[in-house]
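Residues per chain, in single letters:
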Amino acid sequence: MAVKANRLSKLIKVFAWVSLAAAFILGQIANQPDYDALLNNAYPGVTLKQDTELSGDLALYHWAASDGQPQRWVVLGEAQGYGGPLTIAATVSQPDSIPKVDEVRLIAHTETPPYVERLVKKQFFRQMNDAPISSDFLLGEDIDGYSGATVTARAVSQALREVTHSLAVLEFNMEPSWTNDPWVFGWQELGMLILVGIAFALTLRSNNRLLNSLKVALPLLSLVFVGFYTNASLSVGNFAGMILGYVPGIKQHPIWWILMGSILIGILFMGRNMYCNKLCPYSAVQSMLHKVTGLKMKVPQWLNKQGHSIILMMIWASFMLIFLSGHPALGTYEPFSMMFALEGTGLQWYILPLSLFGACFVPDFWCRYFCPVGLIINESIKVRRKTLNKFKQRFSQ
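Along each chain, the written sequence defines residue order, and numbers are assigned to residues from 1. Given that the model is predicted, a residue must reach a pLDDT of at least 70 before its local features are reported, and side-chain atom pairs must reach 80 or more before they are shown or counted; all residues, however, enter totals for whole chains, interfaces and linings. Where side-chain values are given, they derive from all heavy atoms of the structure, hydrogens and water being excluded.

Peer 1: What is the right way to read the overall build of the protein from this model?
Peer 2: Helix and strand definitions here come from DSSP, where helices need a minimum of 4 consecutive H or I residues and strands a minimum of 2 consecutive E residues; each element is numbered from the N-terminal end. Helix and strand content of the protein: 15 helices and 5 strands. Expressed as lengths along the three principal axes of its C-alpha atoms, the size of the protein is roughly 80 × 55 × 50 Å. Relative to its full complement of 397 residues, the protein shows a buried share of 44%. The contact definition used throughout considers only heavy atoms, calling two residues in contact when any of these lie within 4.5 Å. In the protein, the proportion of contacts linking residues at least 24 apart, taken out of those at least 6 apart, comes to 65%. When the accessible surface of the protein is split by element, carbon and sulfur atoms take 60% of a total near 21,800 Å². Just so you know, the count uses Lys and Arg for positive and Asp and Glu for negative, and it drops His and the chain ends. All charge positions are set by atom: Lys at NZ, Arg at CZ, Asp at CG, Glu at CD. Here the protein contributes 32 positively and 26 negatively charged side chains, and the mean placements of these two sets differ by 28 Å. Only protein chains enter the area calculation, which uses a 1.4 Å probe; residues under 20% of their type maximum are buried, those over 50% are exposed, and those in between are partly exposed. Areas reported as accessible are Shrake-Rupley estimates using a 1.4 Å probe. Residue values count occlusion only from the protein chains shown.

This is the structure in structure tokens:
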């Protein structure tokens, strides 16, 4: 029986890896952007003719205008949002000597829908109307951002900057007069660096009175800062997106790089999990709930044994959906958006109350039976440890 179970386990692993590889390849083939279809959907009944004479990667279309109407252009731009790439279409005209933006539309994206809806409701895209194409389009200066959707808003402004400035040079022969793409670094980024620094200090040196007090305070600080203030909790979509090549620019989204960088440094150089129980705000929520209730339910032995398998199955299902769709938000099931931003879709409406209820009775309920991020990090640490042991054995012979 043990031999048969071992063979079945190996077959399941082979099937899981082969199916993920197939889903990745199929998704890459199926999810190539069809710009003509996107434009037809965004501008129904309008005849657009692509200009193929311009050099560079600028996707420029001429709007077939009626007699007496000024010439108009439609230019496409792409940037990396929080969930992955997004595509905008900007309409440009030249009613006088200065070419201006008439309208900006988000025609494709891989963001979590509620955050995009928030920007639409706040009239975010109308801010760019009538702006000269040589404008800086900087978030927080020329364009107002909105809390909870800052990364998406910044990606839209970045895409608009790149395409309008390219259009200004290539089509209108304008000399660059705009501000270079700036680094985004403020109180949020500084606060994240401080929290990560505390986490590293606690990992490297714990026998210190100050560090011991910080060890107690760090989960609460992470809950307030990472959870509610920046809403920067990591999810399975972040890791799947990295495999798909969806990596935000370090200038526009340094918080993502700070968090991911700390995790990678912890895995590769320290063999430690720098995120769970230190920087994860949802871990702090569970701990506080369990301490408040003071209850401890005895979990069935079979559930403890199968907890690892449950998470693996959910990770596999998430990765399959993300690879096939090319949309990380579709496979993200963690309740973090519901918890910290009151935004959620699909299963998140059910998972949040379930996980909070479970945390009242079982310590680290979410981490034990559902969390994909912790398992991915811990499994990566195991792979690192096994790899190092093999190298040590080989060189010691």
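Peer 1: For this particular structure, what's the right way to read the pattern of salt bridges?
Peer 2: Salt bridge criterion: a side-chain nitrogen from Lys or Arg within 4 Å of a carboxyl oxygen from Asp or Glu. The full count for this structure, using the stated rule, is 3 salt bridges. With a closest N to O distance of 3.6 Å, R72 and D102 form a salt bridge. Separated by 30 residues along the polypeptide, R72 in strand 3 (residues 72-80) and D102 in strand 5 (residues 100-108) bring together distant segments of the chain. Residue classification places D102 among the partly exposed positions, given a relative accessible area of 24%. Residues K382 and E379 are paired through a salt bridge, measuring 3.4 Å at the closest nitrogen-oxygen approach. Of this pair, K382 and E379 both sit in helix 15 (residues 372-396), 3 residues apart, roughly one helical turn.

Peer 1: I would appreciate a short explanation of the packing of aromatic side chains in the present structure.
Peer 2: The relation between two aromatic rings is expressed through the spacing of the ring centres and the mutual angle of the planes. Two rings from Phe, Tyr or Trp (for Trp, the six-membered ring) form a pair when their centres sit within 6.5 Å of each other. Planes less than 30 degrees apart are called stacked, planes more than 60 degrees apart edge-to-face, and all others tilted. Taken as a whole and judged by the stated rule, the model has 16 aromatic pairs. A centroid spacing of 5.1 Å and a plane angle of 90 degrees characterise the contact between F228 and F340, whose relative ring orientation is edge-to-face. Of this pair, F228 sits in helix 6 (residues 209-229) while F340 sits in helix 12 (residues 336-341), placing them 112 residues apart in sequence. Taking relative accessible area as the criterion, F228 reaches 45% and is therefore assigned partly exposed. Judged by centre distance (6.1 Å) and plane angle (55 degrees), the ring pair of Y333 and W366 falls under tilted. Taken as a pair, Y333 in the loop between helix 11 (328-331) and helix 12 and W366 in helix 14 (residues 365-369) lie far apart in primary sequence, 33 residues in all. Summarising the burial analysis for this pair, Y333 and W366 share the class buried. One aromatic cluster in this structure is built from Y282, Y333, F336, F365, W366, Y369 and F370.

Peer 1: Explain unusual backbone geometry here, please?
Peer 2: Glycine aside, residues mostly have negative phi angles, and peptide bonds mostly take the trans form. Even without glycine at this site, N277 takes up a positive phi of about 65 degrees. Unlike most non-glycine residues, D364 shows phi in positive territory, near 55 degrees. Inspection of the secondary structure assignment puts D364 in the loop between helix 13 (348-359) and helix 14. Judged by its relative accessible area of 31%, D364 falls in the partly exposed class.

Peer 1: Would you mind going over the packing of helix 10 (residues 301-325) against helix 15 with me for this structure?
Peer 2: For any two helices packed against each other, one specifies the inter-axial angle together with the distance between the axes. What counts as an axis is a line fitted to C-alpha atoms, over the stretch in contact for a helix, and the angles between N-to-C directions run from 0 to 180 degrees. Relative orientation of the contacting elements helix 10 and helix 15 amounts to 100 degrees, with a least axis distance of 10 Å. Here helix 10 lies roughly perpendicular to helix 15, going by the angle between them. Where helix 10 approaches helix 15, its residues H308, I311, L312, I315 and F319 are matched on the opposing element by P372, L375, I376 and E379. Here the contact of helix 10 with helix 15 is composed, by residue class, of 7 nonpolar, 1 polar and 1 charged. For classification, angles of less than 35 degrees are called roughly parallel, those exceeding 145 degrees roughly antiparallel, those between 65 and 115 degrees roughly perpendicular, and all remaining angles oblique. Amino acids are sorted into nonpolar (Ala, Val, Leu, Ile, Met, Phe, Trp, Tyr, Cys and Pro), charged (Asp, Glu, Lys and Arg) and polar (every other residue, Gly among them).

Peer 1: Looking at this model, I keep getting lost on the nonpolar core. Mind explaining?
Peer 2: The tendency in soluble globular proteins is for nonpolar side chains to be buried side by side. By size, the foremost hydrophobic cluster in this structure holds 61 residues, and its most contacted members are M192, Y275, Y282, F319, W366 and I377. Excluding its chain neighbours within four sequence positions, the residues that come into contact with Y282 are P335, F336, M339, F340, L352, S355, L356 and W366. The nonpolar core is taken to be a set of buried Ala, Val, Leu, Ile, Met, Phe, Trp, Tyr and Cys residues, with the residues joined through side-chain atoms within 4.5 Å. Core analysis: the next-biggest nonpolar cluster, separate from the first, contains 29 residues, L119, A131, F137 and A159 among them.

Peer 1: I'm lost on empty space enclosed by the protein in this one. Help?
Peer 2: Within this scheme a cavity is a closed region of a 1 Å grid, computed over the protein atoms alone, that accommodates a 1.4 Å probe without allowing it to escape, whereas a pocket is open but has protein on both sides within 12 Å along at least five of seven lines; lining residues each have an atom within 4 Å of a point. Grid points are joined across faces, edges and corners, and a volume is the space filled by probe spheres set on the points. Counted according to the given criterion, the structure contains 1 cavity of 30 Å³ or more. Of the voids in this model, the largest cavity is the one considered here, and its volume is about 40 Å³. Along the walls of the largest cavity sit Q80, V151, R154, A155, Q158, P248, Q252 and H253, which together make up its complete lining. Residue contributions to the lining of the largest cavity peak at 4 residues, all from helix 4 (residues 150-170). Here the lining of the largest cavity is built from residues that sort into 3 nonpolar, 4 polar and 1 charged.

Peer 1: Would you take a moment to explain the environment of L312 for this structure?
Peer 2: Its location among the elements puts L312 in helix 10. Residue classification places L312 among the partly exposed positions, given a relative accessible area of 40%. For the pair L312 and C371, spaced 59 residues apart in the sequence, the C-alpha separation amounts to 9.5 Å.

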